[in-house]
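Descriptive structure summary
Each chain, written out:
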Amino acid sequence: MRLLWRLAALFLLPTRILAQEPLAYRVEYSLSKPSEIHVTLRIAGGGDAPLTLVMPRTVPGGYAQRPYDPFVENVHAFSPAGKEEDVQRENLGPRWKIGKSGERVERVDYDVNVARMEREIFAASDASKVRDGYAGLLGYSIFAYFEGHKEQPIRLEVAGPASWPVFSTLAPQVPANLGSLTAKAPDYYALADSQIVMGPKLQLRRIDGSVPLFLAVYAECDEDLSEEGALARDALDRVIAYFEKPPFSHYTVHLELLRPVSDRHQYGFSMEHLESGTFYFETNQAITAKSDSRFSETRRFNYAHHMAHSWIPKHAYGVGYLPFEWEMAPIIDTIWFNEGFARCAAIEALAEAMQEKESRDNRRQQLEQLRGIVDSAPPFLRRMSLDNISRTGSFLYSDDFRVGRNLFSRGALMAAEMDDFIRAQTQGKKSLRDALRYLLDWSERNHRAFRTEELPVICREATGVETKSILGRWMQPLDR
């Protein structure tokens with residue numbers, strides 16, 4: 001009998017090995033050290049030294065340098081036998097050399113000082129947070145990676161205080177597990193683009209629909225979670241209807257309503273992710289019974305716009321966006337597409353569910369606001385071509401928001417003109433939506449970025465309408 005069990009175990013062993021993820025990350029948060037988290041990164045079976053550990057200094061869609069390596073502390077490495085290996089920090093880059101030639105490294109441990117991160121990064125959308133009864137962790141702000149291993153599947157383990165609900169956007173669940181959870185990510189990008197939230201002050205909701213919507217909310221004020229959820233659910237349904245094919249099986253709205261850390265801290269920016277969005281506001285921006293309809297509509301549009309980014313540019317993008325370089329903000333010529341066409345898609349998605357007059361008026365008002373931004377732009381921006389502004393915006397999109405506002409405004413007005421022209425030429429049978437759906441399919445088939453000059457070709461293939469002249473005109477400086 002023992003022999004049979006041993007033989008069975010031998011037959012099962014290869015399956016177990018194949019099922020094991022090559023990389024495992026473990027995140028630990030303890031109230032005994034409330035300002036920091038501890039991260040362990042393991043390579044199954046160990047890896048040949050020297051390895052290079054890299055911490056992000058920029059993030060997808062951030063269009064800026066946001067170094068996270070200054071908050072990494074106490075980096076230690078160990079062999080499969082448990083022997084501590086050599087760790088050398090690179091002088092200039094966010095890199096650590098792990099181990100020496102001829103050795104093997106099985107795991108790396110490090111701490112991330114999250115409390116200091118929130119104090120020193122003034123953009124609330126870019127910082128993880130630990131507050132009384134709550135921790136909200138942005139994946140790319142806490143997870144380093146081994147160079148050359150970014151494409152490998154990952155197992156994530158999270159351990160928090162035993163009584164705390166723990167939630168991950170990789171595997172959302174309501175009610176949440178208490179104290180711990182496990183999840184999987186297909187690669188480092190998916191892990192880094194996810195969020196972990198936990199704590200007794202975390203509020204969680206699941207709102208069913210064509211794709212399950214999860215709300216993960218931390219509010220330092222009164223908040224109407226039912227109304228917030230209704231706005232987010234409606235926005236998600238309309239954006240899914242516009243693009244037709246959702247690129248995710250679930251979506252999470254991670255919302256924080258915060259008392260400012262200081263006068264220098266900035267709130268109000270949001271960030272898109274593969275299957276979630278992170279939204280940050282001061283407490284005076286909470287949705288309550290006193291909120292008027294215009295305030296609610298602004299929130300609905302903000303949700304729709306950032307949800308649209310899960311399609312554009314997460315799955316259809318221009319040269320430079322992917323594969324992403326995590327150490328330095330990439331130069332991208334097509335931020336006007338990322339931000340402008342996604343904004344136009346959100347406008348159209350919400351308008352389609354309105355009555356005809358309301359839809360027409362809403363669209364007109366949105367476009368007038370965008371024209372106002374363009375018309376009032378400083379002369380130096382008006383003299384810049386759109387691809388030049390995009391290159392500038394690769395680093396300064398929100399840090400000098402005149403750049404960001406002009407990029408999304410000029411891009412959205414270009415998209416709206418293309419939409420009007422396609423509708424006119426096809427007697428309303430086709431629209432920009434057909435071109436964007438085709439572009440998403442094209443991107444999936446070709447597994448690459450489009451070049452700017454290919455965009456009107458793709459549009460013509462989808463709709464039969466030539467938009468090259470519209471693209472060419474908007475790419476030029478406004479003033480010459």
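Residues numbered from 1 in each chain as written. Predicted model: local features only at pLDDT ≥ 70, side-chain atom pairs only at ≥ 80, totals over all residues. Heavy atoms only, no water.

Turning our attention to the overall build of the chain. For the chain, the count of helices and strands is 14 helices and 21 strands. Against the globule reference of 23 Å for 480 residues, the chain gives a C-alpha radius of gyration of 24 Å, in line with a compact fold. Residue burial in the chain is summarised as follows: out of 480 residues, 56% are buried. Partitioning the intrachain contacts of the chain with sequence separation of at least 6 by distance along the chain shows that 72% fall at a separation of at least 24. In the chain, which carries 59 positive and 65 negative side-chain charges, the distance between the mean positions of the two groups comes to 2 Å. (Helix = DSSP H or I, 4+ residues; strand = E, 2+ residues; numbered from the N terminus. Rg over C-alpha atoms; globule rule 2.2 N^0.38 Å. Buried < 20%, exposed > 50% of the residue type's maximum accessible area, 1.4 Å probe, protein only. Contact = heavy atoms within 4.5 Å. Lys, Arg positive; Asp, Glu negative; His and termini not counted. Charge placed at Lys NZ, Arg CZ, Asp CG, Glu CD.)

Here we come to the environment of P165. Tracing the chain through its elements places P165 in strand 13 (residues 165-168). Judged by its relative accessible area of 18%, P165 is buried. The spatial distance from the C-alpha of P165 to the C-alpha of E118 is 22 Å, given a sequence separation of 47 residues. Not counting residues up to four positions away in its chain, the partners in contact with P165 are A176, N177, L178, V197, M198, G199 and P200.

Turning our eyes to something else, we now look at the pairing of strand 18 (residues 213-219). Of all 7 residues making up strand 18, 7 are buried, and the element is well covered by its neighbours. Side chains L213, L215, V217 and A219 of strand 18 all project onto a buried face; the interleaved residues F214, A216 and Y218 project onto the opposite face, where all are buried too. By the bridge criterion, 5 bridges tie strand 17 (residues 203-207) to strand 18 in an arrangement that is antiparallel. Paired with I207 across the two strands is L213, which belongs to strand 18. Once strand 17 ends, the chain turns through 5 residues before running back antiparallel as strand 18. Since strand 18 and strand 19 (residues 251-258) lie parallel, the crossover through helix 5 (residues 225-243) that links them has a hand, and here it is left-handed. (Pairing = 2+ DSSP bridges. Right-handed = clockwise from strand over helix to strand, strands pointing away.)

What follows deals with the sheet that holds strand 10 (residues 134-138). Read across the open sheet, the 5 strands follow the order 9-10-16-13-14; overall the sheet is antiparallel. Only two strands of the sheet have a single partner each, and these edge strands are strand 9 (129-131) and strand 14 (177-178). Note: strand 10 against strand 16 (residues 195-198), 4 bridges, orientation antiparallel. The residue of strand 16 that forms the bridge with L137 is I196.

As a further point, take the side chain of T467. With respect to the secondary-structure elements, T467 resides in the loop between helix 13 (455-463) and helix 14 (468-475). Apart from residues lying up to four places away in sequence, T467 is in contact with M418, I422, P456 and C459.

Moving on to unusual backbone geometry. In this model, A49 is joined to P50 through a cis peptide bond whose omega is 0°. Tracing the chain through its elements places P50 in the loop between strand 2 (36-48) and strand 3 (51-54). Cis geometry is found at the peptide bond from V174 to P175, where omega equals 0°. Tracing the chain through its elements places P175 in the loop between strand 13 and strand 14. In the Ramachandran plot, E244 falls in the positive-phi region, its phi being about 80° despite a non-glycine side chain. Along the chain, E244 falls in the loop between helix 5 and strand 19. In this structure, Q427 takes a positive phi of about 55° despite not being glycine. Relative to the assigned elements, Q427 resides in the loop between helix 11 (401-425) and helix 12 (432-446).

A few words now on a nonpolar patch on the surface. Nonpolar side chains collect at one region of the surface, where M328, I331, F395 and L396 lie side by side and expose about 360 Å² of accessible area between them. Relative to the helices and strands, F395 resides in helix 10 (residues 386-396). Overall, the relative accessible area of 30% leaves F395 in the partly exposed class. (Patch = residues over 30% accessible without salt bridge, like charges linked within 9 Å, V, L, I, M, F, W, Y side chains within 5 Å. Areas by Shrake-Rupley, 256 points an atom, 1.4 Å probe, with all protein chains shown as cover. Salt bridge = Lys/Arg side-chain N within 4 Å of Asp/Glu carboxyl O.)

This brings us to the packing of helix 7 (residues 335-351) against helix 12. Direction vectors running N to C along helix 7 and helix 12 enclose 130°, while the axes themselves pass 11 Å from each other. Considered as vectors, helix 7 and helix 12 are oriented oblique to each other. Crossing of helix 7 against helix 12: the hand is left-handed. Contact with helix 7, carried on its side by F337, F341, C344 and A345, involves L432, L436 and L439 of helix 12 and no other residues of that element. The class makeup of the residues in the contact of helix 7 with helix 12 is 7 nonpolar, no polar and no charged. (Axes fitted to C-alpha atoms, helices over the stretch in contact; angles between N-to-C directions. Parallel < 35°, antiparallel > 145°, perpendicular 65-115°, else oblique. Left-handed = near helix turned anticlockwise from the far one by under 90°. Nonpolar A, V, L, I, M, F, W, Y, C, P; charged D, E, K, R; others polar.)

The analysis is restricted to geometry; functional conclusions fall outside its scope.
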